[in-house]
Amino acid sequence: QVQLVESGGGLVQAGDSLRLSCAASGRTFSSYAMGWFRQVPGKERKFVAGINSSGGYTVYGDSVKGRFTISRDNAKNTVTLQMNSLKLEDTAVYYCAASRSNWPSNSLVDFGSWGQGTQVTVSS
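Residues numbered from 1 in each chain as written. Predicted model: local features only at pLDDT ≥ 70, side-chain atom pairs only at ≥ 80, totals over all residues. Heavy atoms only, no water.

A. Representation of the layout of surface pockets within the structure. Taken as a whole, the largest pocket holds about 220 Å³ of empty space. Forming the walls of the largest pocket are 13 residues, and the residues nearest its centre are Arg38, Val40, Lys46, Ser63 and Glu89. Mapped by element, the contributors of at least two residues to the lining of the largest pocket are strand E4 (34-39) and strand E5 (46-51). Among the residues making up the lining of the largest pocket, the classes are represented as 3 nonpolar, 4 polar and 6 charged. (1 Å grid on protein atoms, 1.4 Å probe; cavity = no way out; pocket = protein on both sides within 12 Å on 5 of 7 lines; lining within 4 Å. Points joined across faces, edges and corners; volume = space filled by probe spheres on them. Helix = DSSP H or I, 4+ residues; strand = E, 2+ residues; numbered from the N terminus. Nonpolar A, V, L, I, M, F, W, Y, C, P; charged D, E, K, R; others polar.)

B. Layout of the state of the cysteines. Tallied over the entire structure, the rule returns 1 disulfide. Sulfur-sulfur distance for the disulfide between cysteine 22 and cysteine 96 comes to 2.0 Å. Residues cysteine 22 and cysteine 96 are joined by a disulfide whose S-S torsion is about 45 degrees; by sign, that bridge is right-handed. Placement of the pair is cysteine 22 in strand E3 (residues 18-26) and cysteine 96 in strand E9 (residues 92-99), with a sequence separation of 74 residues. Side by side, cysteine 22 and cysteine 96 carry an identical accessibility label, which is buried. (Disulfide = S-S within 2.5 Å. Buried < 20%, exposed > 50% of the residue type's maximum accessible area, 1.4 Å probe, protein only.)

C. Structural context of the pairing of strand E1 (residues 2-7). Burial of E1 is one-sided: the residues Val2, Leu4 and Glu6 facing one way are buried, the residues Gln3, Val5 and Ser7 facing the other way are not. Pairing analysis gives 6 bridges linking E1 to E3, with the strands arranged antiparallel. Looking at the pairing, glutamate 6 lines up with cysteine 22 of E3. (Pairing = 2+ DSSP bridges.)

D. The arrangement of unusual backbone geometry in detail. Phi is positive for asparagine 77, which is not a glycine, with a value near 55 degrees. Positioned with a positive phi, serine 85 is a non-glycine residue whose angle comes to about 50 degrees. Within the secondary structure, serine 85 sits in the loop between strand E8 (78-83) and E9. What makes serine 85 partly exposed here is its relative accessible area of 40%.

Below you can see the structure in the form of structure tokens.
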């Protein structure tokens, strides 16, 4: 079992940047892929970004490509999501998730552990 704690959410203006962090404990961090998802009220949770266990491969949802960057530090058991050029539509609760395998997926069912979520609000 993996425990995940997100931090770094907040209120920003459109065009600003924000950095989310997720601290993991439990299983050996370098053995599993990580992902970020987001959800707005009344809608399904959607994939944002994923990274494999070593950090050498990343994948992004179409809406954030070129603006968001996922990275991980296996020595510190953390994964981060750097969000640049934020848009109003990026407003959501962001969740980090630990995969059941060492390769990232964009499917919720492939992730077995979730953080509590952190709110990101982008205003005009």
